[in-house]
Amino acid sequence: MRGESPVALFAGDLYGNRQIVIRSVGVQLESVPWINGGTVLASGEVALIVDPGVLLDAFDPDAIVPPDAIVSESERGRGVILAVDDSVTMRKFVTSMLERKEYQVITANDGLDALTKLKRTRPDLVLVDIEMPRMDGFEFTRHLRASPETEELPVIMITSRSGGKHRQQANELGVDAFLVKPYKEKELMEKLDELLHSEEQENE
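Okay, so let's go over this structure. Small disclaimer: the values here were computed from a predicted structure and weren't measured. (Residues numbered from 1 in each chain as written. Predicted model: local features only at pLDDT ≥ 70, side-chain atom pairs only at ≥ 80, totals over all residues. Heavy atoms only, no water.)

**Brief notes about the nonpolar core**
Here is step 1 of the chain: Leu-82, Val-84, Val-126, Val-128, Phe-140 and Met-157 are the most contacted members of the largest nonpolar core, which totals 22 residues.
Here is step 2 of the chain: Elements that contribute at least two residues to this core include exactly strand E3 (80–84), strand E4 (104–108), helix H3 (111–118), strand E5 (125–128), helix H4 (137–146) and strand E6 (155–159).
Here is step 3 of the chain: Every residue in contact with Leu-82, bar those within four places of it in the chain, is listed here: Ile-106, Thr-107, Ala-108, Ala-114, Lys-117, Leu-118, Pro-123, Leu-125, Val-126, Leu-127 and Phe-140.
Here is step 4 of the chain: Formed by 21 residues, the second largest nonpolar core is a distinct cluster that contains Met-97, Tyr-183, Leu-188 and Met-189. (Core = buried A, V, L, I, M, F, W, Y, C linked by side-chain atoms within 4.5 Å. Buried < 20%, exposed > 50% of the residue type's maximum accessible area, 1.4 Å probe, protein only. Helix = DSSP H or I, 4+ residues; strand = E, 2+ residues; numbered from the N terminus. Contact = heavy atoms within 4.5 Å.)

Written out as structure tokens, the structure reads:
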């Protein structure tokens with residue numbers, strides 16, 4: 001039980017007991033509290049080691065918002081954020097972090113999915129990764145800037161790509177901020193407050 005709501009973890013398959021060597025998952029996932037590490041299975045597949053207790057502690061069933069829900073003005077809280085990332089883990093991590101700060105979060109798994117979500121609701125700001133299937137972050141941002149309805153929508157690009165060419169391309173597309181993984185929560189929140197506050201002042 002978490003609060004007044006029952007919760008459960010579903011396992012797709014059970015493989016029995018195995019001896020494994022737990023390895024570091026790298027900087028991209030170090031900030032995810034419920035991942036203890038990773039291992040390489042006998043088949044060559046990589047598997048993450050999850051701490052179910054920490055995962056359930058981070059789960060708030062009362063804060064769930066359907067990914068494609070239309071958010072009304074009265075439900076927007078501090079603002080509506082569209083988080084676009086092909087990693088399920090990163091989407092859940094960002095959602096949990098932002099909802100603790102009273103933001104409403106809509107998620108999308110790549111640029112095409114995000115464009116579909118934009119037809120249903122208007123976020124106040126977009127967080128977008130670069131490398132994604134079907135439509136990457138650069139192409140998605142290009143679509144935003146080409147549309148009169150979203151050309152002024154604040155965009156924060158969050159990526160593991162820290163090279164100068166990636167920053168330059170992001171600047172040319174009109175990205176408002178560029179953060180490199182792993183980033184600090186404080187850094188992201190300061191950028192959110194800065195961009196959303198700036199937008200509110202312009203609309204007054």
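Text resumes after the structure shown.
**A closer look at the packing of H3 against H4**
Helix-helix packing is characterised by the crossing angle of the two axes and by the distance between the axes.
Here is step 1 of the chain: Where H3 meets H4, the closest approach of the two axes is 9 Å, and the angle between their N-to-C directions is 30 degrees. Looking at the two axes, H3 sits roughly parallel to H4. In this structure, H3 crosses over H4, and the sense of that crossing is right-handed. Mapping the contact onto sequence places Gly-111, Ala-114, Leu-115 and Leu-118 in H3 and Phe-140, His-143 and Leu-144 in H4. (Axes fitted to C-alpha atoms, helices over the stretch in contact; angles between N-to-C directions. Parallel < 35°, antiparallel > 145°, perpendicular 65-115°, else oblique. Left-handed = near helix turned anticlockwise from the far one by under 90°.)

**Side note on the sheet that holds E4**
The strands making up a sheet are joined through hydrogen bonds of the backbone, oriented either antiparallel or parallel.
Here is step 1 of the chain: The five strands lie next to each other as E4-E3-E5-E6-E7, forming an open sheet whose pairing is parallel. Looking at the sheet topology across the chains shown, the edges are occupied by E4 and strand E7 (177–180). Between one strand axis and the next, the sheet turns through 20 degrees on average, direction left out of account.
Here is step 2 of the chain: Docked against the sheet, helix H2 (residues 88–100) engages E3, E4 and E5, running at close to 170 degrees with respect to E4.
Here is step 3 of the chain: This element, H3, spans E3 and E4 of the sheet and lies at about 135 degrees to E4. (Pairing = 2+ DSSP bridges.)

**A closer look at the environment of Leu-127**
Here is step 1 of the chain: In this structure, Leu-127 sits in strand E5.
Here is step 2 of the chain: In this structure the C-alpha to C-alpha distance between Leu-127 and Ala-83, which are 44 residues apart in sequence, comes to 4.7 Å.
Here is step 3 of the chain: The contact partners of Leu-127, leaving out residues within four places of it in the chain, are Ile-81, Leu-82, Ala-83, Val-84, Val-94, Leu-98, Ile-156, Ile-158, Leu-188 and Leu-192.

**Focus: the pattern of salt bridges**
Here is step 1 of the chain: Here the structure, examined in full by the defined rule, presents seven salt bridges.
Here is step 2 of the chain: Note that Lys-181 and Asp-85 form a salt bridge whose closest N and O atoms lie 3.2 Å from each other. In this pair, Lys-181 is assigned in the loop between E7 and helix H6 (185–203) and Asp-85 in the loop between E3 and H2, connecting sequence segments 96 residues apart. Here the two residues Lys-181 and Asp-85 agree in accessibility, since each one is buried.
Here is step 3 of the chain: The partner of Arg-100 in a salt bridge is Glu-185, and the shortest N-O contact between them spans 3.3 Å. Linking Arg-100 in helix H2 with Glu-185 in helix H6, this pair joins segments that are 85 residues apart in sequence.
Here is step 4 of the chain: Arg-100 gets classed as exposed once you look at its relative accessible area, which sits at 53%. (Salt bridge = Lys/Arg side-chain N within 4 Å of Asp/Glu carboxyl O.)

**Here's the deal with H2**
An α-helix turns once per 3.6 residues; consequently, residues spaced three or four apart project the same way.
Here is step 1 of the chain: Across its 13 residues, H2 extends 18 Å between first and last C-alpha, which sits within 8% of the 18 Å expected from 1.5 Å per residue.
Here is step 2 of the chain: Turning to H2, its buried residues are Thr-89, Met-90, Arg-91, Phe-93, Val-94, Thr-95, Ser-96, Met-97 and Leu-98.
Here is step 3 of the chain: Directly after H2, the chain includes Glu-102, whose backbone phi takes a positive value near 70 degrees. (Expected span 1.5 Å × (residues − 1).)

**What to know about the pairing of E6**
Here is step 1 of the chain: Counting buried positions over the five residues of E6 gives five, a clear majority of the element.
Here is step 2 of the chain: Burial along E6 is two-sided: the residues Val-155, Met-157 and Thr-159 and Ile-156 and Ile-158 are all buried.
Here is step 3 of the chain: Here E5 pairs with E6 via three bridges, running parallel. Within the sheet, the bridge partner assigned to Val-126 lies in E6 and is Val-155.
Here is step 4 of the chain: The β-α-β motif built from E5, the intervening H4 and the parallel element E6 has right-handed crossover chirality. (Right-handed = clockwise from strand over helix to strand, strands pointing away.)

**Describing the pairing of E5**
Here is step 1 of the chain: Burial along E5 is two-sided: Leu-125 and Leu-127 and Val-126 and Val-128, pointing in opposite directions, are all buried.
Here is step 2 of the chain: Across four bridges, E3 lies against E5 in parallel orientation. Each bridged residue has a counterpart across the sheet, and for Ile-81 the counterpart in E5 is Leu-125.

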